[in-house]
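# Working through the structure, step by step
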Amino acid sequence: GDQLPSLPAPVVARAEAIADDFLLHQVYQDLLELCPLATAHRKHLSNEGWTAEEVGQFRCGSLPAVRSSRRAIAKELWDKYGALLSQVPGFVVKEGMRGHNWAEVCSAGGLLLPCMSLDGRIRRLRVRPDEPKADGPKYVWLSSSRWGGPGSGSPPAFYRPNDVEAPRRMLITEGEKKAYLATQRLTVHGFPVIGVSLAGVGNHAELLPLVEQYAGDFDEVVIAFDQDEKAETRERVAIHQRNLAEA
C-alpha cells in the first residue's frame, strides 16, 4: 500500500519575554490548585517535622507522575491562558498542523514549592522531582529554557508571617522550605522575621538590589546558612557569607 506522509514535528513557539509578575502569579496559583498535595508528599513533609497547619499554609502542590495527568492539567491552563503560557517558565507551547496548538508542562512528577516575591506573589516554582537524576540536584527550577522558552533564573524567595505587622528583621537562609519554616516558627515565638531563601548560598546577586531598595524597612539582616559535614563546603559557605555580609 501507499505510505502515509509523515507528519512534521511540532514547532515550539518561542516567547519574546517572560510574563509580568501578575500573570506569573495567576498561572502558578492555578497550576497549584490543579495539583493538590499527594499523600506521599504530605507524608514526606510530615516526616521532616512539619505540622498539618504549616503544610496547609505553604501552598505547595504535587505535579502528577503520570504524563497524561500532566497533559490534562496543561490543557486546562491552555484553555484559560492560550499562547501567553509561552512566557511562563515551566511551560512550552507547541504548534502543530492546521493551527492546532497546545501547551505542555516542562517537568516530570514532583513536589511543587512556591517561591514568593516580597509583595506576596508566586513568582517561580521549584520542583523536588519524584525521580531525581543520578547525581542530580534534589531541587530544580520549573523552567522552559531547555525547550527554547524562558528560564527561571535563580531569584530569592520571600516568606512573610501571617497576621503580624511587617517584620523589621530579615533572615536569609538556603532553601524555600527552611526559609518558610523559620518565618512561621520564629514568629510563633515572638521573633517575627521575613524569611528569604537563596537557591544555593552563592545566589545573592538578585537579593542585594532588593535589600538596598527596602533598607529603610529593616533594622536587621540575619544570615543563617547550614553547617555542612564536609570541610570544603563549610569553607565555601563561609566565603559566601562574608561576601553577602560585605555587599
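Residues numbered from 1 in each chain as written. Predicted model: local features only at pLDDT ≥ 70, side-chain atom pairs only at ≥ 80, totals over all residues. Heavy atoms only, no water.

## Things to note about the pairing of strand β5 (residues 110–116)
A large share of β5 lies buried, amounting to seven of its seven residues. Relative to β5, strand β2 (residues 61–63) is paired through three bridges, and the arrangement is antiparallel. If you follow L63 over to β5, its bridge partner there is G110. Where β5 lies against strand β6 (residues 122–129), seven bridges are found, and the strand directions are antiparallel. When the bridges of β6 are listed, L112 appears paired with V127. The hairpin formed by β5 and β6 contains five residues between the paired strands, and G120 there has a positive phi angle of roughly 90 degrees. (Buried < 20%, exposed > 50% of the residue type's maximum accessible area, 1.4 Å probe, protein only. Helix = DSSP H or I, 4+ residues; strand = E, 2+ residues; numbered from the N terminus. Pairing = 2+ DSSP bridges.)

## Considerations on the packing of helix α1 (residues 21–34) against helix α4 (residues 67–81)
Running from amino to carboxyl end, α1 crosses α4 at an angle of 145 degrees, the nearest separation of the two axes being 10 Å. Remark: the crossing between α1 and α4 carries right-handed chirality. In this structure, α1 uses L23, Q26, V27, D30, L31 and L34 to contact α4, whose residues at the interface are I73, E76, L77, K80 and Y81. (Axes fitted to C-alpha atoms, helices over the stretch in contact; angles between N-to-C directions. Left-handed = near helix turned anticlockwise from the far one by under 90°. Contact = heavy atoms within 4.5 Å.)

## Let's talk about the side chain of S152
Positionally, S152 belongs in the loop between β7 (140–141) and β8 (157–159). For S152, a relative accessible area of 7% translates into the label buried. Setting aside residues up to four positions removed in sequence, S152 forms contacts with P89, R124, W141, L142 and S143.

## Observations regarding the sheet that holds β8
With mixed pairing, the four strands of this open sheet are ordered in space as β8-β10-β9-β11. Two strands close off the open sheet at either side, each with one partner strand: β8 and β11 (220–223). Between one strand axis and the next, the sheet turns through 25 degrees on average, direction left out of account. Bridge count for strand β9 (residues 169–174) against strand β10 (residues 194–198) is five bridges, and the pairing is parallel. Bridge assignment links L171 to a residue of β10, and that residue is G195. Sheet contacts for helix α5 (residues 176–188): β8, β9 and β10; angle to β10, the most-contacted strand, approximately 170 degrees.

## Some words on the packing of aromatic side chains
In this structure the tally under the stated criterion is five aromatic pairs. An angle of 80 degrees between the planes, with centres 6.1 Å apart, marks the rings of Y159 and Y180 as edge-to-face. Of this pair, Y159 sits in strand β8 while Y180 is found in helix α5, placing the two residues 21 residues apart along the sequence. Accessibility assignment for this pair places Y159 and Y180 in one class, buried. Here the basic side chain of R126 rests over the ring of W141, its NZ or CZ set 4.6 Å away from the ring centre. Directly above the ring of F191 sits R169, whose terminal nitrogen or CZ lies 4.0 Å from the centroid. (Phe/Tyr/Trp six-rings, centres within 6.5 Å; stacked < 30°, edge-to-face > 60°. Lys NZ or Arg CZ within 6 Å of the ring centre and 35° of its normal.)

## Side note on the environment of E220
Topologically, E220 is positioned in strand β11. The partly exposed category is assigned to E220, whose relative accessible area is 37%. Excluding its chain neighbours within four sequence positions, the residues that come into contact with E220 are R168, R169 and M170.

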